[in-house]
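# Coordinate inspection notes
Spelled out, the chains give:
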Amino acid sequence: GNSVTQMEGPVTLSEEAFLTINCTYTATGYPSLFWYVQYPGEGLQLLLKATKADDKGSNKGFEATYRKETTSFHLEKGSVQVSDSAVYFCALSDPTDSWGKLQFGAGTQVVVTP
Amino acid sequence: NAGVTQTPKFQVLKTGQSMTLQCAQDMNHNSMYWYRQDPGMGLRLIYYSASEGTTDKGEVPNGYNVSRLNKREFSLRLESAAPSQTSVYFCASSTGQLDTQYFGPGTRLTVL
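Quick caveat, the model's predicted, so the values are computed rather than measured.

This part takes up the pairing of strand β2 (residues 11-14) of chain A. All names here are of chain A. Only one face of β2 is buried, namely the one carrying V11 and L13, since none of T12 and S14 on the opposite face is buried. Both β2 and strand β12 (residues 108-113) contribute to a ladder of four bridges, which runs parallel. Note that in β12 the partner of S14 across the bridge is T113.

Shown next as structure tokens:
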């Protein structure tokens with residue numbers, strides 16, 4: 001079956017540092033890939049997505065590129081802020097699944113200190 | 001525009017009690033979902049509804065039932081709560097297949 005693996009946290013870094021969160025996936029077909037973010041006490045929000053190989057999703061300074069050859073979708077940001085402190089979830093949706101169910105990774109907590 | 005709303009925000013139950021978690025969306029979405037979030041396990045799908053009048057089991061359906069009351073509302077019922085059902089429950093909705101899912105703020109449930 002499909003699965004998503006992402007790096008364990010917490011990831012602690014200083015303001016303006018470079019952030020990378022690794023995400024790899026296993027899927028039988030050609031899934032769509034997503035990054036969701038969960039701020040403290042809130043629900044999940046879509047951060048970015050990519051629907052086919054070599055697509056780059058971007059939003060709020062975050063980027064991720066769909067790499068089919070390495071089955072990866074790593075999230076990056078060049079200069080983080082304290083407000084980026086949150087839990088980040090990588091997820092996939094299998095287009096052969098007619099109901100569009102999301103398969104989530106375990107989540108990576110990011111803590112940015114001033 | 002409220003998006004996806006959930007009630008209640010917090011709930012404490014004793015083992016064996018029953019309760020219903022409510023979810024409503026005002027985005028005219030066809031598909032709705034219930035997830036549970038547990039530490040270190042991400043979100044796992046409990047049940048989903050592809051359209052009004054249809055429901056289907058997800059990854060962890062045991063101990064739960066759902067009702068798609070109309071296009072807007074999708075409720076999750078615990079008939080006899082167990083401590084293993086202590087979790088944060090999220091409802092989500094989307095237009096359809098592969099579309100962005102929009103999440104509610106969650107319900108934090110504790111079963112003693």
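Another aspect to go through is the nonpolar core. Membership of the largest hydrophobic core comes to 26 residues, with the highest contact counts inside it found for A:W35, A:F73, A:L75 and A:Y88. Per-element accounting of this core gives the leading share, four residues, to strand β10 (residues 86-93) of chain A. Apart from the residues lying within four places of it in its own chain, the contact partners of A:Y88 are A:Q6, A:I21, A:W35, A:Y36, A:V37, A:L47, A:F62, A:L75, A:G107, A:T108 and A:V110. Ranked by size, the runner-up nonpolar core spans 20 residues in total, among them B:C23, B:V66, B:F74 and B:L76.

Glancing now at the state of the cysteines. Counted by the stated rule, this structure contains two disulfides over all chains. Paired by a disulfide, A:C23 and A:C90 hold their sulfur atoms 1.9 Å apart. Taking the sign of the S-S torsion, about -70° here, the bridge from A:C23 to A:C90 comes out left-handed. One end of the pair, A:C23, is in strand β4 (residues 23-26); the other, A:C90, is in strand β10, and 67 residues separate them in sequence. The side chain of B:C23 participates in a disulfide bridge whose partner is B:C91; the two sulfur atoms lie 1.9 Å from each other.

To continue, consider the sheet that holds strand β7 (residues 56-59) of chain A. Residue and element names in this part refer to chain A. One open sheet accounts for four strands, arranged β3-β9-β8-β7; its pairing is antiparallel. Edge strands, defined here as strands with exactly one partner in the open sheet, are β3 (19-21) and β7. On average, each strand axis in the sheet is inclined to that of its neighbour by 15°, with strand direction left out of account. Pairing of β7 with strand β8 (residues 62-65), which is carried by four bridges, proceeds in the antiparallel orientation. Bridged to K56 within β8 is T65.

Conventions used here
- Residues numbered from 1 in each chain as written.
- Chains lettered and ligands numbered in written order.
- Predicted model: local features only at pLDDT ≥ 70, side-chain atom pairs only at ≥ 80, totals over all residues.
- Heavy atoms only, no water.
- Buried < 20%, exposed > 50% of the residue type's maximum accessible area, 1.4 Å probe, protein only.
- Helix = DSSP H or I, 4+ residues; strand = E, 2+ residues; numbered from the N terminus.
- Pairing = 2+ DSSP bridges.
- Core = buried A, V, L, I, M, F, W, Y, C linked by side-chain atoms within 4.5 Å.
- Contact = heavy atoms within 4.5 Å.
- Disulfide = S-S within 2.5 Å.
- Axes fitted to C-alpha atoms, helices over the stretch in contact; angles between N-to-C directions.

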